[in-house]
Amino acid sequence: PIKWMPFGIDNKIFKDYGLPKIFDVVIYGSLNQRVYPQRDAARKVLTSMGGIRLVDLCGNNKYNVELAKIINQSRIGIATSCSNKLVLQKHYEIPACRTLMFTDRPRNGWDELFGSDHYVIFNDGCADLAQKIKWWLSNPNRLQQMADGGYKHVHAKYTNAHIVKLFEEFIMELNNG
């Protein structure tokens, strides 16, 4: 049998560092146009928006603690899926840092991750992304409530320790079946 296993986050790295939110939006990841076409489109929209403090780490090789601290210092994190519309590691990393995640809707694994849109903002294209960013930045209390909910959800269900336990349970099911 095949079982979908979610990504896990290293909760010693992707966590709330208690840093001030000095950036409005962070976007990061590979710039491969063939694999991540939505990411480049989102970057173009973000760089054309006036009045936001953007951290554009696309194509940059920041990883682990350095990346997690930048995410933690951002109010909003952009997590575009790939051309196959799959859930990616960043769909876990962003909320794990107590940052509100914006994403297009991935096709695979989303229901297993959040089950609904309670802790994430879905955008349908670039115009929608820009409009929603402006709205959420003008509603900081609601933004922080959503970010707090995503943070609690990911740390309650998607740390590496949780994923290892899921895998062990799956192996036990196979052995007993």
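Residues numbered from 1 in each chain as written. Predicted model: local features only at pLDDT ≥ 70, side-chain atom pairs only at ≥ 80, totals over all residues. Heavy atoms only, no water.

### Some points on the overall build of the protein chain
For the record, the criterion: By definition, any uninterrupted DSSP run of H or I lasting at least four residues is a helix, any uninterrupted run of E lasting at least two residues is a strand, and each is numbered from the N terminus. Exposed residues in this analysis have more than 50% of their type's maximum accessible area, buried residues have under 20%, and partly exposed residues fall in between, with area computed by a 1.4 Å probe over protein chains only. Between two residues, a contact is recorded if the distance between any of their heavy atoms is within 4.5 Å. The accessible surface values rely on the Shrake-Rupley method and a 1.4 Å probe; as for residues, cover is taken only from the protein chains in view.
The helix and strand inventory of the protein chain stands at 7 helices and 5 strands. For the protein chain, the succession of helices and strands along the chain, N to C, is β-α-β-α-β-α-β-α-β-α-α-α. Per-residue burial for the protein chain yields a buried fraction of 46% across its 177 residues. Here the contacts in the protein chain between residues at least 6 apart in sequence split such that 68% fall between residues at least 24 apart. Of the accessible surface of the protein chain, which amounts to about 9,200 Å², a share of 51% is contributed by carbon and sulfur atoms.

### Some thoughts on the sheet that holds strand β3 (residues 74-78)
Strand pairing in a sheet relies on backbone hydrogen bonds. The paired strands run either parallel or antiparallel. Formally: By definition, two strands form a pair when at least two bridges between them are found by DSSP. Angles shown run from 0 to 180 degrees and are taken between the N-to-C directions of axes, each axis being a line fitted to C-alpha atoms and, for helices, limited to the stretch in contact.
The sheet built from 5 strands is open, its strands ordered β2-β1-β3-β4-β5 with parallel pairing. Every interior strand has two partners, whereas the edge strands, β2 (54-58) and β5 (120-122), have only one. Geometrically, the sheet is characterised by an average inter-axis angle of 20° between neighbouring strands, direction not taken into account. Bridge count for strand β4 (residues 100-103) against β5 is 3 bridges, and the pairing is parallel. Of the residues in β5, the one forming a bridge with Met101 is Val120. In the packing of helix α2 (residues 64-72) onto the sheet, contacts are made with β1 (23-29), β2 and β3, and the angle to β1 comes to roughly 145°. The strands touched by helix α6 (residues 140-157) are β3, β4 and β5; relative to β4, the strand with the most contacts, the crossing angle is about 90°.

### Structural notes on the packing of aromatic side chains
Here is the rule we go by: When two rings of Phe, Tyr or Trp (its six-membered ring) have centres within 6.5 Å they constitute a pair, described as stacked for plane angles under 30 degrees, edge-to-face for angles over 60, and tilted for the intermediate range. Two conditions define a charge located above a ring, namely a distance within 6 Å from the ring centre to NZ of Lys or CZ of Arg, and an angle within 35 degrees of the ring normal.
Here the structure, examined in full by the defined rule, presents 3 aromatic pairs. An angle of 70° between the planes, with centres 5.9 Å apart, marks the rings of Phe7 and Tyr92 as edge-to-face. Taken together, the residues Phe7 in the segment before β1 and Tyr92 in helix α3 (residues 90-96) connect sequence positions 85 residues apart. A relative accessible area of 36% means that Phe7 is categorised as partly exposed. Owing to a relative accessible area of 0%, Tyr92 belongs among the buried residues under this scheme. Aromatic side chains Trp135 and Trp136 sit 4.8 Å apart centroid to centroid with 80° between the ring planes, which places their arrangement in the edge-to-face category. Residue class for Trp136 comes out buried when judged on its relative accessible area of 10%. Through a chain of ring-to-ring contacts, the aromatic side chains of Phe7, Tyr92 and Tyr158 assemble into a single cluster. Against the face of Tyr151 rests Arg98, its NZ or CZ located 3.8 Å from the ring centre.

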